[in-house]
Amino acid sequence: MTQAAALTRRRRLPASRLLFTALALGVGALSVLPLFYLVMRALEAEPAQVVDLILRPRTGWLLINTAALTLGVLALTTLIALPLAWLVSRTDLRGRRAVNVLAVLPLAVPGYVMAYALIGLSGDYGFLSEIFGVTLPRPHGWLGATLALSLYTFPYLYLNLRAALSGFDASLEESARALGSTPREVFTRVTLPHLLPALLAGWLVIGLYVIGDFGAVALMRFDVFSLVIYTQYSAAFDRVYASWLALILIAIALSVVWWESRLREGAHYARTGSGAGAGPQRFTLGGRGQILGWAFVSLVVLASIGLPVAVLSFWMTRGELASTLPDLIASFLQSLSIAVPSAVLAALMAIPVAVLAVRYPSPLSTLVNRLAFVGYAVPPLAFALAFVFFALQGARFLYQTHLLLVVVYALAFLALALGPIRSALYQARPSLEEASRALGQGPFATFRRVTLPMIRPGVVAGMVLVFVIAMKELPIAFLLAPVGFRPLAITMFSRTSEGLLMEAAPYAGAIIAFSAVFVGVVLRHDRKAGG
Amino acid sequence: MNELPKSVGFKMPAEASPLGFRQIPQKVLLEVEGLRRHFDEGDAAAVERVSFAMGEGELLALLGPSGCGKTTTLRMIGGFERPDAGTIRLRGRDITDLPPEKRGIGFVFQDYALFPHLDVLENVKFGLRGLGRAAAEARAHEMLRLVGLEGLGARRPHELSGGQQQRVALARTLAVAPPLVLLDEPFSNLDAAMRVETRQEVRKLLKRAGSAAILVTHDQEEALALADRIAVIEAGRVVQIGTPDEIYLNPVSAFVASFIGRSNIVPGTANGMDADTAFGRLPLSRAANGKVSIAVRPEQIMLEPDPNGPAAVVGREFRGHDQLYWVQEGERCMLVISGPGAQIDVGQRVRLRICDCVVPLN
């Protein structure tokens, strides 16, 4: 059998696969490596000191505050998003198509702009007192932060719930009715359990956002982890304490991700039967129902869109727009100078990771794809802090450079670019690549001439997402911005925190206008997904 | 029809079936020796041991039920699947370890795999990068003319019908003049009427281009109509290889006898060139001894109405050019095909008569 043994050959990996694996591993390593520097910096403390740092009452307060803020935002967003999603997808509410757009639009108002709007609304010289003569106390602390974050993030939950509700098989509810349940029982015993995966998915996005948010909590002066990390790092210069807080924050974020995936495993409710499944039946609201429904919709829209628009217009008309225009344009160009290369780099990084996942699935590719989500799951301030330490100790030449900021943006938003590129690759049939190989084209020529042109729409969509997010990003820029770098978000934020509401208004307006593009992309994607 | 000489002069290979149906043509193009491929996971079918050889310009069909490993075999020849063991030689050169692009073998995919971002002409030009721009253009136009799609160069693939897409795929493959073209279930995406028309068209195109081709199919009718020779594959092994006539007239096993056409399998005792069966002593197509299974084609049986006959008609299907009868004789149900003439009603008693050489199976 020696001949047979000689004929049995070891499988060699082709060069193209090796290259994609190496590139993807490089990207994965790059998103994790700096976290080691964070750990190293934290370990500089003596053990006794560590115990003191972690067990100090302040840390406990921060935990409680963070938990209270997260729970508050989750509760408020659910109260807003669940009725809204039900009204749009399960009732005959008039104009529900318009409501659908209005419900997603608040995504265009970042948390710190929403906080700005809430602050600018009230106070002695605020919108309400000048226009209506009513002076409200300026919101701050837990209430202010909860309001600002909820009014901005509820669309994430809304999108998930609406998709679940409109894809829901009505025959399940009808069976429950036929088995003798009242409508109320049907909702609690059949509908609600089926919404659980959508709720969890929405809560995960919002939870991670709240844990990582910096702008809104800073403007509302509510002591949670990210705000204190920043003040410890930049004002108190206590970098060891900042590192420990960052590590705790990362642990919280990762445990949220873990819990969500555990809970979701337990809640798997695919339809088991065959057949197309009946579409959802719409609930007839009647005259009073229509009025009540629209009252609710109006309240939500007024608070989430009307408020920032009105307050911004108010403050903008107070200032002289023309005189601020040159500064505004300069600031805009600075934002652009970071956002464009970040988008390109993120797409370049996402391509090998996506190719590895789709074309060469293996335990290694799964690992690399998990690593690609690290930048998304780790709160931005902690992520940025890790890169500060990495630059200070491992790559001094990078510290306070545009390049470092671009790399960190690309890694932080890699997951956003990865989504559309990966789905484009899934749609590009492998037989097309094989046809090119059979026509004499090598793996690299095939990638350039066939794969790349076919996934181009996905690459462009990924770049647009990263670009728009990077245009309005605040906390990472705050920690990593080179000296003199004043993009839109930083300028607007620092003016607001100094109480210069009038001077901040044009920047906030520019950010909102820009973010509307992002919402447009989300809505289009949503419609294509069959919304 | 067969412009090219096919399989001339055979030698008996070492591990051939006792009947010597594994033929090696003199001017060998492709030799496949002991190919094996197993998968740890996934639904791709395993290949146990596949060996065959084919000549220049020959059309060979790999025929077998789904899951028999025929597509896996084709993908190994094309270079998209690496064999666990075995060798593939093209014109005497070992290509087993070469990547697909270095083999010079064309591949027409089941879904045609036309590039959606290129128009028809650009698709056909895709593999012609070695040529100059003008030469490539001329060659592409020539290929489009060959497949009868001359005016459609500027169309996008999705603007073509299924049959047109397939012809573009064929033109694209033939443009680089490969000595061998592999076709994976090429007609499965066409409707029944198109299929019959297209397969003679494809046969003509391949013959005109002088390319040899291996066609994978599970449709015996397609294999019989298109191929110069057929290799029947069962559970990852070639069980018989030969011309369509040979395979139909002399199947080696019950599997081949029932998979290509229909067969009644009856037991018998063979004694040289004869066998004793329930239908009396029958001449055999080849020598056999002892207890054997015997394949009797439905058209080899004649029905004679006889009120005292041992059998009864239990079913009948009129098919225009002939009719199908199911005849019950004791425990056994036989399938009989007779001409469209005399009609025998269901329930009538009949006598069965076999009037031809029958085939003993291994």
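Keep in mind it's a predicted model, so treat the numbers as computed, not measured. (Residues numbered from 1 in each chain as written. Chains lettered and ligands numbered in written order. Predicted model: local features only at pLDDT ≥ 70, side-chain atom pairs only at ≥ 80, totals over all residues.)

Q: Honestly, the overall build of chain B in this entry has me stumped. Any pointers?
A: A tally of regular secondary structure across chain B gives eight helices and 18 strands. In terms of overall dimensions, chain B has C-alpha extents of about 80 × 45 × 45 Å along its principal axes. Expressed as a percentage of its 362 residues, the buried residues of chain B come to 41%. Considering only intrachain contacts with a sequence separation of at least 6, the fraction spanning at least 24 residues in chain B is 65%. (Helix = DSSP H or I, 4+ residues; strand = E, 2+ residues; numbered from the N terminus. Buried ≥ 20, exposed ≤ 12 C-beta atoms within 10 Å, placed from the backbone. Contact = placed C-beta atoms within 7 Å.)

Q: Teacher, can you tell me more about the overall build of chain A here?
A: On a plain count of helices and strands, chain A comes out with 25 helices and zero strands. When each of the 531 residues of chain A is scored for burial, the buried share is 45%. Within chain A, residue pairs in contact and separated by at least 24 positions form 82% of the contacts whose partners lie at least 6 positions apart.

Q: Honestly, the pairing of strand 12 (residues 280–296) of chain B in this entry has me stumped. Any pointers?
A: Within a regular beta strand, the side chains point alternately toward one face of the sheet and then the other, so they alternate between its two faces. Residues and elements named next belong to chain B. For strand 11 (residues 264–277) and strand 12, the ladder comprises 13 bridges, and the chain directions are antiparallel. Bridge pairing links Val266 to Ile294 in strand 12. Connecting strand 11 to the antiparallel partner strand 12 that follows it, the hairpin turn spans two residues. In terms of strand pairing, strand 12 meets strand 18 (residues 359–361) through three bridges, oriented antiparallel. (Pairing = 2+ DSSP bridges.)

Q: So what exactly am I meant to see when it comes to the packing of helix 8 (residues 141–166) of chain A against helix 10 (residues 183–212) of chain A here?
A: Helix packing geometry: the angle between the two helix axes and the distance between the axes. Residues and elements named next belong to chain A. In the contact formed by helix 8 and helix 10, the axes pass within 8 Å of each other and the chain directions differ by 155 degrees. Taken together, the axis directions place helix 8 and helix 10 in an arrangement best described as roughly antiparallel. Crossing of helix 8 against helix 10: the hand is right-handed. Residues Leu149, Thr153, Tyr156, Leu157, Asn160, Leu161, Ala163 and Ala164 of helix 8 form the contact with helix 10, whose own contacting residues are Leu195, Ala198, Leu199, Ala201, Gly202, Trp203, Val205, Ile206, Tyr209 and Val210. Tallied by class, residues from the contact of helix 8 with helix 10 come to 15 nonpolar, three polar and no charged. (Axes fitted to C-alpha atoms, helices over the stretch in contact; angles between N-to-C directions. Parallel < 35°, antiparallel > 145°, perpendicular 65-115°, else oblique. Left-handed = near helix turned anticlockwise from the far one by under 90°. Nonpolar A, V, L, I, M, F, W, Y, C, P; charged D, E, K, R; others polar.)

Q: What is the right way to read the interface of chain A and chain B from this model?
A: Where the parts come together, the accessible area they lose is often given as the size of the interface. On the chain B side, the residues contacting the 20 residues of chain A number 24 residues. Elements supplying a minimum of two residues to the side of chain A that touches chain B: helix 1 (2–7), helix 21 (430–438) and helix 22 (443–472) of chain A. Considering each element in turn, the side of chain A that touches chain B owes the most residues, seven residues, to helix 21 of chain A. Its residues assigned to classes, the side of chain A that touches chain B shows 10 nonpolar, six polar and four charged.

Q: What is the right way to look at the sheet that holds strand 11 of chain B in this model?
A: All names here are of chain B. As summarised here, the arrangement of the three strands in space is 11-12-18, forming an open sheet in which the pairing is antiparallel. Edge positions in the sheet fall to strand 11 and strand 18, since each of these pairs with one other strand and no more. Across the sheet, the axes of successive neighbouring strands diverge by a mean angle of 50 degrees, strand direction being ignored.

Q: I tried to follow the environment of Leu206 of chain B on my own but got confused; where do I start?
A: Residue and element names in this part refer to chain B. Here Leu206 shows up in helix 5 (residues 192–209). Residue classification places Leu206 among the buried positions, given that 21 C-beta atoms sit within 10 Å. C-alpha of Leu206 to C-alpha of Ala134: the two residues are 72 residues apart in sequence and 25 Å apart in space. Ignoring any residue separated from it by four or fewer positions in sequence, one finds Leu206 in contact with Leu59, Val181, Ser211 and Ala213.

Q: Sorry, what's going on with helix 8 of chain A here?
A: Along an α-helix, residues three or four apart share an orientation, since each turn contains 3.6 residues. All names here are of chain A. End to end, helix 8 covers 37 Å across 26 residues, agreeing with the expected 38 Å (1.5 Å per residue, within 8%). At Leu151, helix 8 shows its maximal bend, which comes to roughly 40 degrees, and the proline Pro155 appears one to four places after that position. In terms of residue burial, helix 8 counts as a mostly covered element, since 21 of its 26 residues are buried. (Expected span 1.5 Å × (residues − 1). Bend = angle between axes of the 7 residues up to and from the residue.)

Q: Can you help me understand the environment of Thr277 of chain B in this one?
A: Mapped onto the fold, Thr277 of chain B is located in strand 11. Dropping the residues within four chain positions of it, Thr277 of chain B is found in contact with Val266, Gly268, Leu282 and Ile294 of chain B.

Q: Any chance you could explain the pairing of strand 10 (residues 237–242) of chain B here in plain terms?
A: Residues and elements named next belong to chain B. Taking burial as the measure, the six residues of strand 10 include five buried ones, the bulk of the element. For strand 9 (residues 229–234) and strand 10, the ladder comprises five bridges, and the chain directions are antiparallel. In the sheet register, Val232 faces strand 10, and the bridge partner there is Gln240.

Q: Just checking my understanding: could you explain the environment of Leu82 of chain A for this structure?
A: Mapped onto the secondary structure, Leu82 of chain A falls in helix 4 (residues 57–90). For the pair formed by Leu82 of chain A and Tyr158 of chain A, sequence separation is 76 residues and the distance between their alpha carbons is 6.7 Å.

Q: Got a minute to help me understand the packing of helix 6 (residues 111–121) of chain A against helix 14 (residues 286–318) of chain A in this structure?
A: Residues and elements named next belong to chain A. Relative orientation of the contacting elements helix 6 and helix 14 amounts to 65 degrees, with a least axis distance of 9 Å. The interaxial crossing formed by helix 6 with helix 14 has left-handed handedness. Note on element contacts: helix 14 touches helix 6 through Leu307, Pro308, Val311, Leu312 and Trp315, opposite Val113, Met114, Ala117, Gly120 and Leu121. When grouped by side-chain class, the residues that make up the contact of helix 6 with helix 14 number nine nonpolar, one polar and no charged.

Q: Looking at this structure, how should I read the confidence of the model for chain A?
A: Detailed reading of the predicted model is not advised wherever pLDDT is low. Residues and elements named next belong to chain A. The predicted model of chain A averages 81 in pLDDT, with 88% of residues at 70 or higher. In this model, residues 1–10 is a region of pLDDT below 50 whose contacts with residues beyond four sequence positions or in other chains number seven contacts. Long-range and interchain partners of residues 271–277, a stretch whose pLDDT sits below 50, account for four contacts in this model, where long-range means more than four residues apart. (pLDDT = per-residue confidence, 0-100.)

Q: What's the story with unusual backbone geometry in this structure? I'm lost.
A: Most peptide bonds take the trans configuration, and most residues that are not glycine carry a negative phi. Unlike most non-glycine residues, Ala113 of chain B shows phi in positive territory, near 50 degrees. Relative to the assigned elements, Ala113 of chain B resides in the loop between strand 6 (105–108) and helix 2 (120–125).

Q: Looking at this structure, how should I read the sheet that holds strand 13 (residues 301–305) of chain B?
A: Picture the strands of a sheet paired through backbone hydrogen bonds; they go either parallel or antiparallel. Residues and elements named next belong to chain B. Taken in spatial order, the five strands make up an open sheet running 13-17-14-15-16, and their pairing is antiparallel. Two strands close off the open sheet at either side, each with one partner strand: strand 13 and strand 16 (332–338). Here the average twist between neighbouring strands, direction ignored, is 40 degrees. As defined by bridge partners, strand 14 (residues 311–318) adjoins strand 17 (residues 349–354) across two bridges and the pair is classed as antiparallel. Pairing of Ala312 across the sheet is with Arg349, part of strand 17.

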